[in-house]
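Secondary and tertiary structure notes
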Amino acid sequence: MSHCCSSSGCDTSYPRKRICPACGNECLEISSRTIAHHIRFSWRWTPSSRYHYFCDNPDCDTAYFGDDGSLVAKTVLRVRSAVKENGGDAVLCHCFGVSRADFEREPSIREFVVEQTKAGNCSCETRNPSGRCCLKDFPKQKG
Ligand SMILES: [Zn+2]
């Protein structure tokens with residue numbers, strides 16, 4: 001993310017986190033650019049609020065919300081993302097197209113994604129509907 005934090009010229013007057021009005025989960029800010037890359041009928045979407053947030057609670061039907069209370073349902077997402085959906089067809093890594101089933105068959109894919117991320121070859125900020133790194137969505141290694 002391009003948010004700076006410590007420099008004095010930085011605009012820190014807005015909250016970077018906000019509580020999801022649908023489920024109460026604490027959510028991180030996301031750019032409207034990222035949202036437009038992920039919703040169906042994005043040409044009909046007119047952002048009504050200045051700041052937007054992504055709810056990463058898989059049990060919550062809301063994907064995005066604005067600070068004005070506007071909601072975007074997860075059913076509007078173009079791709080079934082593992083962040084919000086169960087099931088093998090849900091996508092874990094949106095940059096390289098890894099589904100949950102792919103990863104379960106071939107857990108070493110995670111190393112590939114780690115390598116690509118280190119090399120700067122990922123584009124999570126726009127490819128992942130959460131706007132955050134796909135690696136955080138991989139199930140934790142057991143043992
Ligand atoms: Zn929520």
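All values reported here derive from a predicted model rather than from experimental measurement.

Below, the discussion takes up the coordination of the zinc ion. Coordination of the zinc ion by the protein comes from Cys20 (SG), Cys23 (SG), Cys55 (SG) and Cys60 (SG), over a distance range of 2.3 to 2.4 Å. Metal-centred angles of 104 to 116° between the 4 donor atoms at the zinc ion mark the site as tetrahedral. All donors of the zinc ion come from a single chain, and their spacing in sequence reads C-x2-C-x31-C-x4-C. Taken together, the residues cysteine 23 in the loop between strand S1 (17-19) and strand S2 (26-30) and cysteine 55 in the loop between strand S3 (52-54) and strand S4 (62-66) connect sequence positions 32 residues apart.

The final tally for this structure, using the stated rule, is 0 disulfides. Residue cysteine 122 stays outside any disulfide, its sulfur separated by 3.9 Å from that of cysteine 124, the closest cysteine. Cysteine cysteine 124 remains unbridged, with the sulfur of cysteine 95 as its closest cysteine sulfur at 3.7 Å. A residue is classified by how much of its surface remains accessible, and cysteine 124, at 7% relative accessible area, is buried.

Let us look at the pairing of S4. With 5 of 5 residues buried, S4 is to be regarded as a mostly interior element. Of the strand pairs in this sheet, S3 and S4 are connected by 3 bridges, and their pairing is antiparallel. Of the residues in S4, the one forming a bridge with tyrosine 53 is phenylalanine 65. Relative to strand S5 (residues 71-73), S4 runs antiparallel, the two being bridged by 3 bridges. Following the sheet pairing, tyrosine 64 is matched in S5 by valine 72. Count of turn residues in the S4/S5 antiparallel hairpin: 4 residues, of which glycine 69 carries a positive phi of about 90°.

Conventions adopted
Residues numbered from 1 in each chain as written. Predicted model: local features only at pLDDT ≥ 70, side-chain atom pairs only at ≥ 80, totals over all residues. Heavy atoms only, no water. Donors = N, O, S within 2.8 Å, 3.2 Å for Na, K, Ca; no water. Tetrahedral: all angles 85-135°; square planar, octahedral: opposite > 155°, others 65-115°. Helix = DSSP H or I, 4+ residues; strand = E, 2+ residues; numbered from the N terminus. Disulfide = S-S within 2.5 Å. Buried < 20%, exposed > 50% of the residue type's maximum accessible area, 1.4 Å probe, protein only. Pairing = 2+ DSSP bridges.

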